[in-house]
Amino acid sequence: MHRSLVAAFTLSVLLLSSAVSLAQSPPQTIVVIMTDDQRYDTVAGMCGAVPCMPTVQAELVAKGTTFTHGFIPLASCCPSRASILTGWYAHTHGVRGNTHGAEQFFGFGHEASTIAKALFDAGWKTLIAGKYLNGYDLDPDPGTVPHIADGWSRWRVFEYPKYLTWRLVSGEWPMTSGVVTNETQYSTVRLFNEAALFITSALPTDSLFLYVTPFAPHASPKWEAQDNAKFAAFAQIGPAFNEADVSDKPLWVQNEPLWTQVEIDAHIKFQRGQLRTLQSVDRGIAQLLAVLASTGRLDTAYIVFIGGDNGFHWGEHRLKGKASPYEEAIRSTFVIRGPGVQQNVASAALVVNADLPVTIAEWASVPFAREGRSLQCLLTGGCASIRDQVLIEFAFGPGPFVGVRTADWKYIVQDSYEHRANPSGTEELYDLVNDAYEMQSQHANPAYVAVLAEMRARLATWAP
Ligand SMILES: [Ca+2]
Ligand SMILES: [Ca+2]
C-alpha cells in the first residue's frame, strides 16, 4: 500500500474509533445560573409569607444539596466572577476590582484558563448568556465590535447589564468579535430564552455547559408587571440594622451615618423590588428544567444555582451594598442538584466560589488543578467538610482588609493580603456562636486574648 494511503487509512481508523468512543460516552449537561448581588438569605426558605424563589425551593433545594455557608472571599462582582471562571482566589488571578476587570482578565491571559475553555477543549458546547465581567461595558474603541472570549461556542453577553433597554453582544465560535444589537425585551427573559434555545438546538450527543448570569437582583431593580403585587408587605430589618454603637468597628464604618426614616422607607421598597426581579430568574429556571426534561437531559444534568456572585447589606452596620467583611457581603448560597447529589440536604460546610469550577471539572473529567476544592464528597455525603477556614480579602473601596473565618470565629484586620503575616491596621474579632450578627468586636476584650492569637496565626499562615 502506498505510504499516503496507509496514512489515510490509519487516520480514518483513528477518526472512526474516536467517533465510536464519543458516541459511547453519554452526553452530559451542566447548567450554572448565577445572580448579581443576591443576599444569601433570599435563596432558600421564605421571604415573608411565600418562598423567596419557589422553583429554586421545590426543584433545587428539595431535590439537591444547599450550601448555606458559601463564601465569596473578595465580595465584589468582577473578582468573584473571575474566581468562578478560573478556580483561583482574587489575589492569585489578580482581578481585584471591577474597573477594567474584563480587560485585566484578558490581559492576564485568563481567557485560556476558564472552566468553559477546559470543557470546550474537551469537546463540550458552551454558552454564556448574561453578564461576563465588569468592564465589558466599556468599548475602548467606539465603532469597533467587542471582543469575544475564547472557550465559548455561543456568546450572548450584556454590553452593559440592565433590565429593560440594553445592548447584547452575540457571537458563535469561531468568531472573535461580536455583533451588537439593541434589545427591549426584559433582559432576564431574553437570556433564559437564549439558554433554552441552546439546549433545544443541540444534538442529542452534545455535552452542554450553560453559564446563565442575569442582572437580577442588582440595583436599581426593575421587574416584570406580573410581579407587581408580590412581596408588598415584605420588610426585613435585622438585628444589626442601623447598629447604634459602631465604636467597636474600624473608622470607615464609624463614618457611616445612621439611616434616616426617609432612607429606610426607600430601602424597604428597594428590598421588595429586588425580590420581584428574582421571580423572573425563578421562572427562567423552571423553563430550563422543562427543556432539560423534554430533551431527555434532566435526570443526568447538574444544575448549580449561585445566589449571588456576592452578597448585599440591607442596612446591617449602617451599610448598603457589598465591599465589607461582614456576613451579608461575603456569604452566598449555593444549591446543586444532579446525579448522585444528596437530596433535600443543607450543608453548613465552609465552601467558596473558587470550588465551583473545580467541582464542574470533576463531573466532566477534565483536568483543572486550581486553588478551589471539589465539593463532590460533600454532595454525595462522603465527607462533612473540606476546609476549616475561609479567607476574606478586599483591595479597594473601604479596604484593603484581610481576614479569616472559621465555623465559630471571624478575624479581620485593615491591611492587605500581602501583609497578613505582619498586619498593622485596626483589628476585629467576632464570636459568631454568641454574636451571629457581629454587633460587638471582641478584639480588645482580655477574655478573648487566646482566640485572638489563634486567629492571627491562622491568617498569617493561611494557604489555599
Ligand atoms: Ca455583584
Ligand atoms: Ca457594636
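Turning next to the overall build of the chain. Summing up its helical and strand segments, the chain has 13 helices and 19 strands in all. Counting only C-alpha atoms, the chain reaches 85 × 50 × 50 Å along its principal axes. In the chain, which comprises 464 residues, the proportion classed as buried is 48%. Residue pairs at least 24 apart in sequence account for 68% of intrachain contacts in the chain once pairs closer than 6 positions are excluded.

To continue, consider the nonpolar core. A general feature of soluble globular proteins is that nonpolar side chains tend to end up buried together. If you look at the biggest cluster of nonpolar residues, it comprises 110 residues, and the most contacted ones within it are Val31, Val32, Ala195, Leu210, Val212, Val304 and Val335. Both domains that furnish three or more residues to this core are identified here as domain 1 (25–387) and domain 2 (400–464). Setting aside residues no more than four positions away along its own chain, Val304 makes contact with Val31, Val32, Phe334, Ile336 and Leu356.

The subject of this paragraph is the packing of helix H7 (residues 187–200) against helix H9 (residues 261–294). Axis separation between H7 and H9 bottoms out at 9 Å; the angle between their running directions is 10 degrees. Between H7 and H9, the angle is such that the two are roughly parallel. Residues Thr188, Val189, Phe192, Ala195, Ala196, Ile199 and Thr200 of H7 touch H9, and the partners they reach there are Ser280, Val281, Gly284, Gln287, Leu288, Val291 and Leu292. Of the residues contributing to the contact of H7 with H9, the split by class is 9 nonpolar, 5 polar and no charged.

Among all positions of helix H2 (residues 54–61), only Thr55, Val56, Glu59, Leu60 and Val61 are buried. For H2, the angular spread of buried residues about the axis comes to 160 degrees, placing them on one side. Structurally, H2 contributes buried residues whose contacts are with strand E4 (65–71), H9, strand E10 (301–307) and strand E13 (331–337).

A few words on the domain arrangement of the chain. Domain annotation for the chain reports domain 1 (25–387) and domain 2 (400–464). Here domain 1 and domain 2 have C-alpha centroids that lie 28 Å from each other. Contacts between the two partners involve 14 residues from domain 1, matched on the other side by 14 residues from domain 2.

Counting all residues, the mean pLDDT for the chain is 93, and 93% of those residues have values of 70 or more. Within the model, pLDDT remains below 50 along residues 1–24, and this stretch shows 2 contacts once partners closer than five positions in the same chain are excluded.

Of note, the amide linkage connecting Ala216 to Pro217 takes the cis form, showing an omega dihedral of -5 degrees. By the secondary structure assignment, Pro217 is in the loop between strand E9 (208–213) and helix H8 (251–254). With an omega of -10 degrees, the peptide bond between Ala219 and Ser220 qualifies as cis. With respect to the secondary-structure elements, Ser220 resides in the loop between E9 and H8. One non-glycine residue, Phe231, adopts positive backbone phi at about 60 degrees. Given 21 C-beta atoms within a 10 Å radius, Phe231 is considered buried. Backbone geometry at Ser365 places phi at a positive 55 degrees, although glycine is not the residue there. Here Ser365 is to be found in the loop between helix H11 (355–364) and helix H12 (376–380).

Next up on the list: H7. In this model H7 runs 20 Å from its N-terminal to its C-terminal C-alpha over 14 residues, within 8% of the 20 Å that 1.5 Å per residue would give. Within H7 the residues assigned to the buried category are Ser187, Thr188, Leu191, Phe192, Ala195, Ala196, Phe198 and Ile199. Buried residues along H7 sit in contact with strand E5 (125–130), strand E6 (154–158), strand E7 (166–172), strand E8 (179–183), E9 and H9.

Basis of the calculations
Residues numbered from 1 in each chain as written. Chains lettered and ligands numbered in written order. Predicted model: local features only at pLDDT ≥ 70, side-chain atom pairs only at ≥ 80, totals over all residues. Helix = DSSP H or I, 4+ residues; strand = E, 2+ residues; numbered from the N terminus. Buried ≥ 20, exposed ≤ 12 C-beta atoms within 10 Å, placed from the backbone. Contact = placed C-beta atoms within 7 Å. Core = buried A, V, L, I, M, F, W, Y, C linked by C-beta atoms within 7 Å. Domains from an automatic or database assignment. Axes fitted to C-alpha atoms, helices over the stretch in contact; angles between N-to-C directions. Parallel < 35°, antiparallel > 145°, perpendicular 65-115°, else oblique. Nonpolar A, V, L, I, M, F, W, Y, C, P; charged D, E, K, R; others polar. Arc of directions from axis to C-beta. pLDDT = per-residue confidence, 0-100. Expected span 1.5 Å × (residues − 1).

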